[in-house]
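# Understanding the architecture of this molecule
One-letter residues, chain by chain:
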Amino acid sequence: MSEQDGMSKVIEGYRHFSEEIFPEHRELFDELRDQQNPQVLFITCADSRIDPSLITHTVPGELFICRNIGNIIPAYGEMMGGVSAVVEYAVIGLKVTEIIVCGHSDCGAMKALQNPETPVLAAMPTVKKWLRNAEAALGVVRATDPEASGDHLLRALTEENVLLQLQHLRTHPGVAAGLATGKVRLHGWIYSIGEGRVDAFDEATRQFRPIEEVVADSDKPLGNSQHPTELTSALPSKAG
Ligand code: ZN
């Protein structure tokens with residue numbers, strides 16, 4: 001696909017949105033015109049293959065989303081930038097109750113993290129510096145599973161990175177306060193692109209397991225149990 005094709009597709013897609021999707025869901029957009037009340041902060045990688053709204057079957061207004069290379073949340077005070085501001089705004093301003101950190105299969109950031117001296121990274125000093133916020137995950141995997149290599153190492157690192165970023169989240173004052181008062185819950189997810197599957201971190205077994213099993217084993221369902229049905233059914237069909 002040429003550069004021009006990429007842009008034409010986006011413009012054509014917008015035309016479809018404005019002529020078909022928007023009029024069909026005018027009521028939803030009217031509701032959202034001057035307010036938002038999301039209950040979930042969804043933090044994931046910038047990877048183009050992840051579509052948070054698609055995999056959670058949610059519509060505009062339901063997910064507050066933060067995306068970056070490697071679904072990283074720098075520890076509080078480490079890098080006071082965009083991610084810290086999103087977390088603060090979500091927890092204190094919007095009062096979200098659930099925070100999901102979602103890693104994924106075949107993550108380029110997790111691959112790069114294994115080889116920080118690779119020539120590719122030398123040309124990307126910003127990415128290289130950013131990935132330092134995930135370095136402890138590599139340290140944990142190397143220490144606990146020294147033989148790990150290939151796909152097994154990549155998966156272990158992806159899981160460990162999600163856990164590390166959840167740990168970083170806990171250092172943010174708004175999150176720490178929310179956790180202490182039971183107003184905020186944290187969730188670690190791994191999305192497997194080729195399988196369309198989400199595994200969630202299970203506190204009880206300290207392992208990532210298929211989310212259906214984790215939810216079934218826990219008392220409370222993950223996420224928002226009072227989904228207004230007219231909203232969940234509003235997701236436009238990709239084929240349309
Ligand atoms: Zn990624």
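First, a word on scope: everything that follows refers to the structure included in this document. (Residues numbered from 1 in each chain as written. Predicted model: local features only at pLDDT ≥ 70, side-chain atom pairs only at ≥ 80, totals over all residues.)

## Digging into the overall build of the protein chain
Counting secondary structure elements, the protein chain contains twelve helices and six strands. Burial status across the protein chain gives 30% buried among its 240 residues. The contacts of the protein chain with a sequence gap of at least 6 include a subset with a gap of at least 24, amounting to 65%. (Helix = DSSP H or I, 4+ residues; strand = E, 2+ residues; numbered from the N terminus. Buried ≥ 20, exposed ≤ 12 C-beta atoms within 10 Å, placed from the backbone. Contact = placed C-beta atoms within 7 Å.)

## Remarks on the sheet that holds strand β1 (residues 40-45)
What the six strands build is an open sheet, ordered β2-β1-β3-β4-β5-β6; its pairing is mixed. Lying at the two open borders of the sheet, with one neighbouring strand each, are β2 (63-68) and β6 (207-210). Put simply, the sheet's adjacent strands are angled 30° from each other on average, direction ignored. Each of β3 (98-104), β4 (185-192), β5 (197-202) and β6 is contacted by helix α9 (residues 150-169), which is oriented at about 155° to β4, the strand it contacts most. (Pairing = 2+ DSSP bridges. Axes fitted to C-alpha atoms, helices over the stretch in contact; angles between N-to-C directions.)

## Digging into the pairing of β4
Judged from the seven bridges that link them, β3 and β4 form a sheet pairing that is parallel. Along β4, the bridge assignment pairs Val 101 with Gly 188. Note: β4 against β5, four bridges, orientation antiparallel. Pairing of Trp 189 across the sheet is with Ala 200, part of β5.

## Quick notes on the packing of helix α4 (residues 82-93) against helix α10 (residues 173-180)
Interhelical geometry of α4 versus α10 gives an angle of 35° and a closest axis separation of 8 Å. Like other packed secondary-structure pairs, α4 and α10 cross with a definite hand, here left-handed. Seen from α4, the contacting residues are Val 87, Glu 88, Val 91 and Ile 92; seen from α10, they are Gly 174, Val 175 and Gly 178. For the contact of α4 with α10, the residue count by class is four nonpolar, two polar and one charged. (Left-handed = near helix turned anticlockwise from the far one by under 90°. Nonpolar A, V, L, I, M, F, W, Y, C, P; charged D, E, K, R; others polar.)

## Points about the pairing of β5
Between the end of β4 and the start of β5, which pair antiparallel, lie four residues, with Gly 196 showing a positive phi angle near 65°. Between β5 and β6, which pair antiparallel and follow one another directly, the connecting turn spans four residues, one of which, Arg 206, has a positive phi of 55°.

## As for the environment of Asn 68
Residue placement: Asn 68 occurs in strand β2. Overall, Asn 68 belongs to the partly exposed group, with 19 C-beta atoms counted inside 10 Å. In the structure, Asn 68 is positioned 21 residues away from Asp 47 in sequence and 8.3 Å away in space, judged by C-alpha atoms. Residues in contact with Asn 68, not counting those within four places in the same chain, are Ala 46 and Val 83.

## Some points on the nonpolar core
Leu 41, Phe 42, Ile 43, Ile 99, Ile 100 and Trp 189 are the most contacted members of the largest nonpolar core, which has 44 residues in total. Beyond its immediate stretch of four places on either side in the chain, Ile 100 contacts Val 40, Phe 42, Ile 43, His 187 and Trp 189. (Core = buried A, V, L, I, M, F, W, Y, C linked by C-beta atoms within 7 Å.)

## Quick look at α4
Those residues of α4 not exposed but buried are Val 83, Ser 84, Val 87, Ala 90 and Val 91. For α4, the angular spread of buried residues about the axis comes to 135°, placing them on one side. Exposed positions of α4 whose direction lies more than 90 degrees from the buried face are Gly 82, Ala 85 and Gly 93. Where α4 is buried, its residues touch β1, β2, α9 and α10. Following α4 by one or two positions, Lys 95 has its phi on the positive side, about 55°. (Arc of directions from axis to C-beta.)

## Remarks on unusual backbone geometry
Of note in the backbone geometry, Asn 71 takes a positive phi value of approximately 40° without being a glycine. Its place among the elements puts Asn 71 in the loop between β2 and α4. Despite not being glycine, Asp 106 has its phi angle at roughly 55°, a positive value. Mapped onto the elements, Asp 106 comes out in the loop between β3 and α5 (108-114).

## A look at the environment of Thr 44
In this fold, Thr 44 is placed in strand β1. Judged by the 23 C-beta atoms lying within 10 Å of it, Thr 44 is buried.

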